[in-house]
Amino acid sequence: SQQGEEDPQALSIQEGENATMNCSYKTSINNLQWYRQNSGRGLVHLILIRSNEREKHSGRLRVTLDTSKKSSSLLITASRAADTASYFCATRLDLGYSGGGADGLTFGKGTHLIIQP
Amino acid sequence: GAGVSQSPRYKVAKRGQDVALRCDPISGHVSLFWYQQALGQGPEFLTYFQNEAQLDKSGLPSDRFFAERPEGSVSTLKIQRTQQEDSAVYLCASSLLAGTYNEQFFGPGTRLTVL
């Protein structure tokens, strides 16, 4: 079963605009990660945010995490055609002890992002 | 540099056949994961190895699925008596260390089609 759910399912924007994707999840997490998947490069890790963090930046990416609402958002600024891909949030479930996270990641269904040139 | 490789990239099987999917993780990576990705869905966790030990197989959908990593490097996912619902992309990932915060590096996947 998949615990995360991305919103929207699909998003089409013009090159240069910002893209925002949201992810909601159901159970307590140890950390949340965002991945990108396209046919050329497969599934690639973008950024990880721990459950005690609220915001993180990496280049043109900004991730927020609100554990009270069990939600996260991924912002891609100044989008490029090469950003066209599917984006997945993936959670590492909290096993209830310090540093303890489930072995595997639990992925959502993804947001398909299209950047129009 | 070599990433995670998987073979074959594509496999077509007749229902009832057995298949074996291979994963070569990044050299020296302790942790190895298998995921199943159905069309239009996100990957779903199948099983996890730390070196040669299979520590978690909670995601394997049935006893027709079996995975091994006998020497702590290459891993094989075997599916016996394949069914049409087994059609999916099977992804392998590895990470350098065990532990919650280690990045997983994914291979290109094996696309299995069961006719």
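Computed from a prediction, not measured in an experiment: that's the story for all the values here.

A. Seen up close, the state of the cysteines. All chains considered together, the criterion is met by 2 disulfides over all chains. Note on cysteine connectivity: Cys 23 of chain A is disulfide-linked to Cys 89 of chain A, with sulfurs 2.0 Å apart. Residues Cys 23 of chain A and Cys 89 of chain A share a disulfide whose torsion about the S-S bond is about 65°; that sign makes it right-handed. Here Cys 23 of chain A is found in strand S3 (residues 19-24), whereas its partner Cys 89 of chain A is found in strand S9 (residues 85-93), with 66 residues between them in sequence. We classify Cys 89 of chain A as buried; its relative accessible area is 0%. The disulfide partner of Cys 23 of chain B is Cys 92 of chain B, and the gap between their sulfur atoms is 1.9 Å. Judged by the torsion about the S-S bond (-65°), the Cys 23 of chain B/Cys 92 of chain B disulfide is left-handed.

B. The packing of aromatic side chains, seen in detail. This structure, assessed with the given rule, holds 10 aromatic pairs over all chains. Measuring from centroid to centroid gives 5.4 Å for Tyr 35 of chain B and Phe 106 of chain B, while their planes differ by 45°, and the two rings are tilted. Taken together, the residues Tyr 35 of chain B in strand S4 (residues 31-37) and Phe 106 of chain B in strand S10 (residues 105-106) connect sequence positions 71 residues apart. The class for Phe 106 of chain B is buried, based on a relative accessible area of 11%. Within the aromatic cluster, the residues linked to one another by ring pairs are Tyr 35, Phe 88 and Phe 107 of chain A together with Phe 33, Tyr 35, Phe 45, Tyr 48 and Phe 106 of chain B.

What counts and what doesn't
- Residues numbered from 1 in each chain as written.
- Chains lettered and ligands numbered in written order.
- Predicted model: local features only at pLDDT ≥ 70, side-chain atom pairs only at ≥ 80, totals over all residues.
- Heavy atoms only, no water.
- Disulfide = S-S within 2.5 Å.
- Helix = DSSP H or I, 4+ residues; strand = E, 2+ residues; numbered from the N terminus.
- Buried < 20%, exposed > 50% of the residue type's maximum accessible area, 1.4 Å probe, protein only.
- Phe/Tyr/Trp six-rings, centres within 6.5 Å; stacked < 30°, edge-to-face > 60°.

Interpretation note: all reported values are geometric properties and have no functional meaning in isolation.
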